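Analysis of the macromolecular model
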Amino acid sequence: MPIATPEVYNEMLDRAKAGKFAYPAINVTSTQTLHAALRGFAEAESDGIIQISTGGAEFLGGQYSKDMVTGAVALAEFAHIVAEKYPVTVALHTDHCPKDKLDGYVRPLLAISQKRVEAGLGPLFQSHMWDGSAETLADNLTIAQELLEKARAAQIILEVEITPTGGEEDGVSHEINDSLYTTAEDAIRTAEALGLGEKGRYLLAASFGNVHGVYKPGNVVLRPDLLKELNEGVAAKFGKPAGSQPFDFVFHGGSGSSAEEIATALENGVVKMNIDTDTQYAFTRPVADHMFRNYDGVLKVDGEVGSKKTYDPRTWGKLAEAGMAARVVEATQHLRSAGTKIK
C-alpha cells in the first residue's frame, strides 16, 4: 500500500487511541534500515511510522554536503515508491528538531509539502516534530503556534515536546532530574496555546521520567500514570467529559521500559512510541557477528585475497535487515499494534 494519506494517518491515530495500542515510530538512516522497518511492520501485520531525525537526515544527505533537507526528501521520495510493495500502511515523520535547526530542516520541509498540496498532491511527510524542550514553555508554545498553522495548511500533523526528555539525542541533551515530569499546568498552557484539535491536530510528547538512550529496566523512574493526570487536568479545565483523553501522547526514551510501564502508557493515551536505540543495536549486532566469524574473509589477512562472498555488503546487509526487522516485530507486540493493520 502507499504511504498514508492525511485522512488515513488521522484514521490510524484514532484507531490506536480507541484500541489502546500505539504505533512504533522507527528511526531510519538509510534505504536499508527503511526496508528493515517496512519488513518488520509487514511481518507483524502492523501499520507504523517511519521517522528521520536531524542527524539521520544529515547522514542521508551524504558526508560531502550533509544537507538535511536533501537527505530527508530523498528518503521520503524513495519510501513513497517502495512502500507500495509492503501490505501495510506507514506514515513518514521527522523526529526531534530543536530551534537552531528549524530553518534548515522542518520549515523547508513544510514549504515543500505546502507546494505539493497546492498542486493537488499529498504532503511529502505526514507529521513533523518541533522539539522546544530546551526553550521556556512560553517561547516553545509561541513557535509551536506558528508551526501548527503551517502544518495544518499543508495537511500535516505536528508533534511538540513541551518539557525535557533526559539523556541525549542528536545533540539535544537534558539532565536526568525532577524536571523530567510534565505538570498539569504545563498541559493546560499547551491546550490554551494550541487548542484541542480546532487549530490543527498535534501529538504531545509529555515527560514522565523518560530518558533517551539505553538503560536496564529499573534504572529510569517512569511514571506513565502521570499521563492520566494531565488528561484529567485538561479535561476538567476545558469542560470535557470525565475520563476523556484530550491529548494524543508520544512515548519518548522508552528503551528498557517494562511491559507494565508500556501497558500503563497505552491505557493513558499514548499512540506513538519512538524506537531507535534498540533497532540500531538489532541492525548492528548481526553485522558484528558476521565480521568476527569471518574475519579472514572480510579482511585480506597476511597477503591473502579474502572472500568476496563474505565482504560483499549484500551478504552482511541481509543479516542486518533481518535483525532489525525482528526487533520491529517485537516492538509491535509490546505496543499491541501487531495484527491491527488497516485492511
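Residues numbered from 1 in each chain as written. Predicted model: local features only at pLDDT ≥ 70, side-chain atom pairs only at ≥ 80, totals over all residues. Heavy atoms only, no water.

Attention shifts here to the overall build of the chain. The secondary structure content of the chain amounts to 13 helices and ten strands. Computed over the C-alpha atoms, the radius of gyration of the chain is 20 Å, within 12% of the 20 Å expected from 2.2 N^0.38 for a compact globule of 343 residues. Projecting the C-alpha coordinates of the chain onto the three principal axes gives extents of approximately 75 × 50 × 40 Å. Within the chain, the fraction of its 343 residues that count as buried is 54%. Sequence-distant contacts, at least 24 apart, represent 75% of the contacts inside the chain between residues at least 6 apart. Counting only carbon and sulfur atoms, one obtains 54% of the accessible surface of the chain, whose full area is about 15000 Å². Measuring between centres, the 33 positive side-chain charges of the chain sit 5 Å from its 46 negative side-chain charges. (Helix = DSSP H or I, 4+ residues; strand = E, 2+ residues; numbered from the N terminus. Rg over C-alpha atoms; globule rule 2.2 N^0.38 Å. Buried < 20%, exposed > 50% of the residue type's maximum accessible area, 1.4 Å probe, protein only. Contact = heavy atoms within 4.5 Å. Areas by Shrake-Rupley, 256 points an atom, 1.4 Å probe, with all protein chains shown as cover. Lys, Arg positive; Asp, Glu negative; His and termini not counted. Charge placed at Lys NZ, Arg CZ, Asp CG, Glu CD.)

In this model, the second largest pocket occupies a volume close to 170 Å³. The wall of the second largest pocket is formed by 14 residues, among which Gly254, Ile262, Met273, Arg327 and His334 lie closest to the centre. At the level of elements, α9 (259-267), β10 (270-275) and α13 (313-334) are the ones that each hand at least two residues to the lining of the second largest pocket. (1 Å grid on protein atoms, 1.4 Å probe; cavity = no way out; pocket = protein on both sides within 12 Å on 5 of 7 lines; lining within 4 Å. Points joined across faces, edges and corners; volume = space filled by probe spheres on them.)

Quick look at the packing of helix α6 (residues 137-153) against helix α7 (residues 184-194) now. Packing of α6 against α7 leaves a shortest axis separation of 10 Å and a crossing angle of 35°. Here α6 and α7 pass one another in a crossing that is right-handed. Mapping the contact onto sequence places Leu137, Ala138, Leu141, Ala144, Gln145 and Leu148 in α6 and Asp186, Arg189, Thr190, Ala193 and Leu194 in α7. (Axes fitted to C-alpha atoms, helices over the stretch in contact; angles between N-to-C directions. Left-handed = near helix turned anticlockwise from the far one by under 90°.)

This part takes up the side chain of Thr163. Mapped onto the elements, Thr163 comes out in the loop between β5 (157-161) and β6 (167-169). Within the structure, Thr163 has its side chain in polar contact with the side chain of Thr182 (distance 2.3 Å). (Polar contact = N/O pair within 3.5 Å; in protein donor to acceptor, adjacent residues only side chain to side chain.)

We now examine the pattern of salt bridges. The tally for this structure, following the rule as stated, stands at 16 salt bridges. For the salt bridge of Arg107 with Glu146, the shortest nitrogen-to-oxygen distance reads 2.8 Å. Highlighted residues: Arg107 in helix α5 (residues 106-118) and Glu146 in helix α6, separated in sequence by 39 residues. The partly exposed category is assigned to Glu146, whose relative accessible area is 25%. Between Glu146 and Lys150 there is a salt bridge whose closest N-O contact spans 3.0 Å. Highlighted residues: Glu146 and Lys150, both in helix α6, separated by four residues, approximately one helical turn. A network of salt bridges, in which partner residues are shared, links Asp14, Lys17, Arg201 and Asp248. (Salt bridge = Lys/Arg side-chain N within 4 Å of Asp/Glu carboxyl O.)

The element strand β2 (residues 48-52) is largely enclosed, with a buried count of five among its five residues. Pairing geometry for strand β1 (residues 23-27) and β2, over three bridges, is parallel. Residue pairing for β2: Ala25 is matched across the bridge by Ile49. Regarding the hand of the β-α-β motif, the stretch spanning β1, helix α2 (residues 31-44) and β2 is right-handed. Two elements, β2 and strand β3 (residues 90-94), share five bridges in a ladder whose sense is parallel. Note on β3: the bridge partner recorded for Ile52 is Thr94. (Pairing = 2+ DSSP bridges. Right-handed = clockwise from strand over helix to strand, strands pointing away.)

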